[in-house]
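Residues per chain are reported as follows:
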Amino acid sequence: MTETVRYMERTRAYYRALGYSSDYVWARFDEVPFAALSRPLSQARIGLVTTASPPDLGNRDSAGKRQVWSGPVSPAPATLFTDNVAWDKESTHTDDRASFLPIEALQERVAEGTVGGLAARFHGVPTEYSQRKTMEIDAPQVLERLRADGADVALLSPL
């Protein structure tokens, strides 16, 4: 029997347990920043985006705050640091980096012609409790990096 995970309810309860006086407010976009592809996927270059950190935690500034970072697709990293993000650690693990950053699977799609190409770098974006930082600082930095890499589409592969 499949059990439904009541994600939003669990998130509200989690914030209350942490002592926050008000519930978490999810980001809202009245104008959705998504668009149709300008070319077929078989001709498009994909840029990967993850919420994991580099193994050496080198994406932290002098105050310890996580920053946007980038890493090469080839060679693919063996591991990434994921202990700082939340997921159901009783039901799964992140020992298999390819399960949450599917570089090899996309390279196979490129080889078979389903995808036009894969950008040379993937990008890491920190998960923050600040929507302002995400929208005003992190997202523009990731977009700039994706454009520099010639990506036509971004594939967010979060934990």
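As a reminder, the structure under discussion sits directly above these lines.
Cut-offs applied
- Residues numbered from 1 in each chain as written.
- Predicted model: local features only at pLDDT ≥ 70, side-chain atom pairs only at ≥ 80, totals over all residues.
- Heavy atoms only, no water.
- Helix = DSSP H or I, 4+ residues; strand = E, 2+ residues; numbered from the N terminus.
- Buried < 20%, exposed > 50% of the residue type's maximum accessible area, 1.4 Å probe, protein only.
- Contact = heavy atoms within 4.5 Å.
- Pairing = 2+ DSSP bridges.
- Polar contact = N/O pair within 3.5 Å; in protein donor to acceptor, adjacent residues only side chain to side chain.

**Quick look at the overall build of the chain**
Within the chain one finds three helices and five strands. Along the chain, helices and strands appear, N-terminal first, in the series α-β-β-α-β-β-α-β. Each of the three principal axes of the chain carries a C-alpha extent, and together these read 50 × 40 × 35 Å. Buried positions account for 28% of the 159 residues belonging to the chain. In the chain, of all internal contacts separated by at least 6 residues, the share reaching a separation of at least 24 is 72%.

**Observations regarding the pairing of strand β2 (residues 69-72)**
Of the two faces of β2, the one lined by W69 and G71 is fully buried and the one lined by S70 and P72 carries no buried residue. Bridging between β2 and strand β4 (residues 121-124) involves four bridges; their strand directions are antiparallel. Bridged to W69 within β4 is G124.

**Notes on unusual backbone geometry**
For the peptide bond that leads from S74 to P75, omega is 0°, which places it in the cis range. Tracing the backbone shows P75 in the loop between β2 and α2 (103-112). Located in the positive-phi region is L57, a residue other than glycine, with phi close to 55°. Along the chain, L57 turns up in the loop between β1 (45-50) and β2.

**Quick look at the side chain of N59**
For N59, the location among the structural elements is in the loop between β1 and β2. A polar atom in the side chain of N59 sits 3.4 Å from the side chain of S53. Apart from residues no more than four positions distant in its own chain, N59 is found in contact with S53, P54, K65, R66, Q67 and W69.

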